[in-house]
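A closer look at the structure
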Amino acid sequence: LEGRSALRKIFVTLTLALATFGVAFGQTLTVWTTWTDQTLDWLREEAASFSDAFGVDVELVRLDVNELKQQALLAAPQGQAGDVFAGVPHDQIGEMAVGGVLLDMSTYATSAYLDDLSEQARLAYSYAGKLFGLPMYVEGPALVVNDELVAEVPATYEEMLQVAADLTTADTFGFLFDINNFYFSYAWFLTHGGYVFGRDASGALDPSDIGLANEGAVAGGQALHDLRFAEGLIPSGTNFDVANGLFVDGALAMIYTGPWSISQYQDAGLDVSVHPVPPLADGTPFRGFMGVQGVLVNQFSDLKVEAANFSKWLSRKDAQVSLARLSGRIPASLSALAEVEDDPIIAGFGAALANAEPMPNIPEMGAVWSPMGNALNVITEDADADVSAVLQQAVQEIQGQ
């Protein structure tokens, strides 16, 4: 296991020999993490604080997310995986839950912690009615505005399109985003009444209930078609690189993107603000996908209590606040989010994601991306596309897979 990872240059072991009590008792937690840069620095500091408080040594092992997931599935039952898995996106936990390698954290999470979570964050880390991790932060797209081009954010989506049209000239664009990427375009389907998977009476996702060709989804698909043809806002071939590059150059007024883009805009010297996409004229909130990251525990760990305690340590309110201050992560804790709302970027994304929907975390989601990507290409490239027929074909393909 270690040999293969070393050859692939993915494993980087960072041993923290920090607490003499931990060494004395031979208790060493192994934490597999996907985090890098500032978030990894934060994790080192939190591990050191945990060691000082509880006398448990911590060893950090850096992996990319796919390697972590596959190695956990293979090695955890053999007792050769990390005790804790930190930084696994919620949409990746379904396969790990089905594989039986994750500890149900329901009995470890306190009621105070759960009550302080948004419902979406809790659902994101739940699978088949069980809580398989402790959420720490959320992320997802919002409306990012160049404040030099847009003096005031419009009150409704329809007004936003009018402002975008006024700002679309020979030299500038009003509103662009990666329109053929289902991750972003799902917001138009969801806002108008479509959905990927429904939920059963217990709240679990039901892969037999696909809402991507219902009346609302067709309305959302038509709205995307209109952005390209009726509104004339989004040219053919617009993708993330095109939209992002124009925004960095100061030639785009508004873009629908996530917090991962902000540092690039700030480095370019742009004055930007972050907002929810305005609601529809009838008051319907505009909402799309969100992602959630947090910490999981290995079901086969010999140190379950220590691993659960470390997970709770990382996900406590003060830890989420410090992570937000350091790296701009949007806390999953509502009270932590309130404490960092003096940061307008964090507050803007927090508001935009307040009603967002977690990406489905069940393995069947893998069958959705390609058919819906193909459908979007037809909807946004064919002026005469029958949106309903295109979406019905996509759902048939999803069901077939």
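Right above here is the structure, for reference.
Just so you know, these numbers come straight off a predicted model, no measurement behind them.

Turning our eyes to something else, we now look at the packing of helix α9 (residues 182–192) against helix α17 (residues 369–381). At a minimum axis distance of 11 Å, the contact between α9 and α17 shows a crossing angle of 70 degrees. For the element pair α9 / α17, the angle class is roughly perpendicular. Within the contact between the two elements, α9 uses F182, Y183, S185 and F189 and α17 uses W369, M372 and L376. A class-by-class count of the residues in the contact of α9 with α17 yields six nonpolar, one polar and no charged.

Within a sheet, each strand pairs with its neighbour through backbone hydrogen bonds, oriented either parallel or antiparallel. Spatially, the four strands line up as an open sheet ordered β9-β12-β8-β13, and their pairing is mixed. Each end of this open sheet is capped by a strand with a single partner; those strands are β9 (173–176) and β13 (272–275). Going from strand to strand, the sheet's axes swing by 15 degrees on average, the running direction of each strand aside. Direction of pairing for strand β8 (residues 142–146) relative to strand β12 (residues 252–257): antiparallel, over a ladder of four bridges. Within the sheet, the bridge partner assigned to A142 lies in β12 and is T257. Each of β8, β9, β12 and β13 touches helix α11 (residues 240–248); the most contacted strand, β12, lies at about 135 degrees to it.

The next point concerns helix α3 (residues 37–54). For α3, built from 18 residues, the straight-helix expectation of 26 Å at 1.5 Å per residue is met to within 8% by its first-to-last C-alpha distance of 26 Å. Three or more residues of α3 are buried, namely T39, L40, W42, L43, E46, A47, F50 and S51.

Here the structure, examined in full by the defined rule, presents seven salt bridges. When the shortest N-O distance is used, the salt bridge between E46 and R316 registers 3.0 Å. Taken as a pair, E46 in helix α3 and R316 in the loop between α13 (304–315) and α14 (317–327) lie far apart in primary sequence, 270 residues in all. By relative accessible area, E46 is classed as buried at 9%. For D342, the salt bridge identified is with R325, shortest N-O distance 2.9 Å. Linking D342 in the loop between α15 (334–339) and α16 (344–352) with R325 in helix α14, this pair joins segments that are 17 residues apart in sequence.

Let's shift gears to the environment of A336. Along the chain, A336 falls in helix α15. Note: C-alpha distance between A336 and V242 (94 residues apart in sequence) is 35 Å. Non-local contacts of A336, meaning those with residues more than four positions away in its chain, are made with D116, K317, Q320, V321 and P331.

Moving on, we come to helix α10 (residues 215–228). For α10, with 14 residues, the first-to-last C-alpha span of 20 Å sits near the 20 Å given by 1.5 Å per residue. Restricting attention to buried positions, one finds in α10 the residues G216, A217, G220, G221, A223, L224, H225, L227 and R228. Those residues of α10 that are buried are in contact with α8 (157–166), α9, β11 (205–211), α17 and α18 (387–400). Two or three places before G216, at the start of α10, stands the capping residue N214, its side-chain oxygen 3.2 Å from that residue's backbone nitrogen.

Let us look at the packing of α10 against α18. Contact geometry of α10 with α18 gives a least axis separation of 9 Å together with a crossing angle of 120 degrees. Between α10 and α18, the interaxial angle falls into the category oblique. Seen along the crossing, α10 lies across α18 with a hand that is right-handed. Between α10 and α18, the residues in contact are A217, V218, G221, Q222 and H225 and V387, S388 and L391, respectively. Looking at the contact of α10 with α18, its residues break down into four nonpolar, four polar and no charged.

Thresholds, definitions, all that
- Residues numbered from 1 in each chain as written.
- Predicted model: local features only at pLDDT ≥ 70, side-chain atom pairs only at ≥ 80, totals over all residues.
- Heavy atoms only, no water.
- Axes fitted to C-alpha atoms, helices over the stretch in contact; angles between N-to-C directions.
- Helix = DSSP H or I, 4+ residues; strand = E, 2+ residues; numbered from the N terminus.
- Parallel < 35°, antiparallel > 145°, perpendicular 65-115°, else oblique.
- Contact = heavy atoms within 4.5 Å.
- Nonpolar A, V, L, I, M, F, W, Y, C, P; charged D, E, K, R; others polar.
- Pairing = 2+ DSSP bridges.
- Expected span 1.5 Å × (residues − 1).
- Buried < 20%, exposed > 50% of the residue type's maximum accessible area, 1.4 Å probe, protein only.
- Salt bridge = Lys/Arg side-chain N within 4 Å of Asp/Glu carboxyl O.
- Polar contact = N/O pair within 3.5 Å; in protein donor to acceptor, adjacent residues only side chain to side chain.
- Left-handed = near helix turned anticlockwise from the far one by under 90°.

Shape is all these values report; function is a separate question.
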